Amino acid sequence: MGPRDHFATRLGFILAAAGSAVGLGNIWKFPFMAGQNGGGAFLIIYLAFVLTIGFSVMLAEFTIGRAGQRNPVGAFRALKGGAWPAVGGLGVVAGFVILSFYSVVGGWTLAYAIKAATGALASNDPETLGAAFGAFISEPEGVIGFHTLFMVLTGGIIAGGVRGGIERASRILMPVLVVLVIVLAGRAVTLEGAAKGIDFFLTPDFSKVTWGTVNAALGQAFFSLSLGMGAMLTYASYLDKQVNLPKTAAQVTILDTTFAVIAGFMVLPAVFAFGFDPAAGPGLTFITLPAVFAQMPAGQVFAFLFFALLAIAALTSAVSIMEPVVAYLIDERRMPRRWAALLSGVMIWALGVPSALSLGPWKDMTIGGKGFLDAMDYLASNIMLPTGGVLIALFVGWSISARAQEEAQSDGSHPFPLIRVWIFICRFVAPAAVAWVLISGL
Ligand code: PFF
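One structure accompanies this document, and this report is about it. Because the structure is predicted, anything quoted here is derived from the model rather than measured. (Residues numbered from 1 in each chain as written. Predicted model: local features only at pLDDT ≥ 70, side-chain atom pairs only at ≥ 80, totals over all residues. Heavy atoms only, no water.)

Considering the packing of helix 3 (residues 40-68) against helix 4 (residues 72-79)
- For the pair helix 3 and helix 4, the least separation of the axes is 9 Å and the interaxial angle reads 75 degrees. One way to sum up the angle between helix 3 and helix 4 is to call them roughly perpendicular. Only Ala75, Phe76, Ala78 and Leu79 of helix 4 make contact with helix 3, whose side of the interface consists of Ile64, Ala67 and Gly68.
- Taken together, the residues of the contact of helix 3 with helix 4 sort by class into six nonpolar, one polar and no charged. (Axes fitted to C-alpha atoms, helices over the stretch in contact; angles between N-to-C directions. Helix = DSSP H or I, 4+ residues; strand = E, 2+ residues; numbered from the N terminus. Parallel < 35°, antiparallel > 145°, perpendicular 65-115°, else oblique. Contact = heavy atoms within 4.5 Å. Nonpolar A, V, L, I, M, F, W, Y, C, P; charged D, E, K, R; others polar.)

Things to note about the packing of aromatic side chains
- Scanning the entire structure with this criterion turns up 28 aromatic pairs.
- Measuring from centroid to centroid gives 6.3 Å for Phe76 and Trp84, while their planes differ by 10 degrees, and the two rings are stacked.
- The partly exposed category is assigned to Trp84, whose relative accessible area is 22%.
- For the pair Tyr102 and Phe223, a centre-to-centre distance of 6.1 Å together with 50 degrees between the ring planes defines the contact as tilted. Taken together, the residues span a long stretch of sequence, with Tyr102 in helix 5 (residues 85-117) and Phe223 in helix 10 (residues 211-224) at a distance of 121 residues.
- Classification of Tyr102 as buried rests on a relative accessible area of 3%.
- Between Lys370 and the ring centre of Tyr378, over which it is positioned, the NZ or CZ distance is 4.7 Å.
- When the ring centre of Trp398 is taken as reference, the NZ or CZ atom of Arg427 above it lies at 4.5 Å. (Phe/Tyr/Trp six-rings, centres within 6.5 Å; stacked < 30°, edge-to-face > 60°. Buried < 20%, exposed > 50% of the residue type's maximum accessible area, 1.4 Å probe, protein only. Lys NZ or Arg CZ within 6 Å of the ring centre and 35° of its normal.)

Overview of the packing of helix 17 (residues 401-408) against helix 18 (residues 419-441)
- Across the interface, helix 17 lies against helix 18 with an axial gap of 11 Å and an inter-helix angle of 135 degrees. Overall, the two elements helix 17 and helix 18 adopt an arrangement that is oblique. Read as a crossing pair, helix 17 and helix 18 show a hand that is right-handed. Contacts between helix 17 and helix 18 pair Ser401, Ala404, Gln405 and Ala408 from the former with Ile419, Trp422, Ile423 and Arg427 from the latter.
- Partitioned by chemical class, the residues of the contact of helix 17 with helix 18 number five nonpolar, two polar and one charged. (Left-handed = near helix turned anticlockwise from the far one by under 90°.)

So this is what it looks like as structure tokens:
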């Protein structure tokens, strides 16, 4: 094996990690999850999980990845062996599951970028916009076609390798998206009737909190920060020693969370201003935002830019979901990168087809009362990622604790004042919290 491809700069790594974290999870999923789970209470529980467990597991993944210099399976084997590589294996499987439905929604954003450009979304009537979304997702050619296009783009970037593809795309496009989301949130909060939505988002009503709310917030924290499946671990395996890991983990966590909160301000006030249903589910962002664009000068331009950039943010995340799978095939199965990208891309695409059809023609096919896409999302986000995350935390906290503390502090060149708190969270807090949430679900 030749020397591993590495990120050119620390900035390149931050942008790639942030590009992984910021995606559909922030802009599509977070607002509708908050809408379904009572708004303010969900926000607070989510923030609590992000700041404690989320940050800690991210640092744990960075540490394992950089110390192991391999894909998730190989990194666990290199550092300890035994049954631990299976944790990496669980992550590779989770990557399959997540990307299969992620690519479907990524396809929706591509389709909506085109619709926006052609003026097909110009309306602020909830019924018209809801019906347009309904018509779009019930038509198999469209949803499968765009799912296919999204997978081809993801696989293409992956085939180009870390530096060529991932780093360049993130560096240019992320900052533009930040500006756009802030502008849109600014418009949404000044709509007439927005106050009710702001109140819904910021005032917690704990009487509505159920076990489901807590599980949803935990799953969303892992999903949004790209944790529990080895994506951040894999990116960190392309790092050199100099990078300050705790600082980088903190920056990525804060950036991702800020993005989600701003997306909440972009969607929820508009939901109330226009009389949409906050619990409408996966269609919420796609139905609400066109109504906001319709209230803006040059709305069509904003609409196109927004959905195009969202598609790109989704792509940089999709790439990070696929990279562990491909890195595994390259490192462990000795496959050339291009073949690995093709093989895994085709399999993930196939698993995505039922998700693509699940809001339309296959509406009636349910698993545990959920449509296929929702069921895949639930399985991955609410079960597989938290489980993977806890095993990662336990590994760092107990199994390689001394080595992990050295690695996390770059052998002393970046001392981390909270190192003991971090280890304590990895040892006790994260496992207890996740076990409590998962077990009370059963
Ligand atoms: N964090 C991404 C998002 O918020 O859209 C999704 C994601 C990426 C989940 C990578 C998991 C992952 F490993």
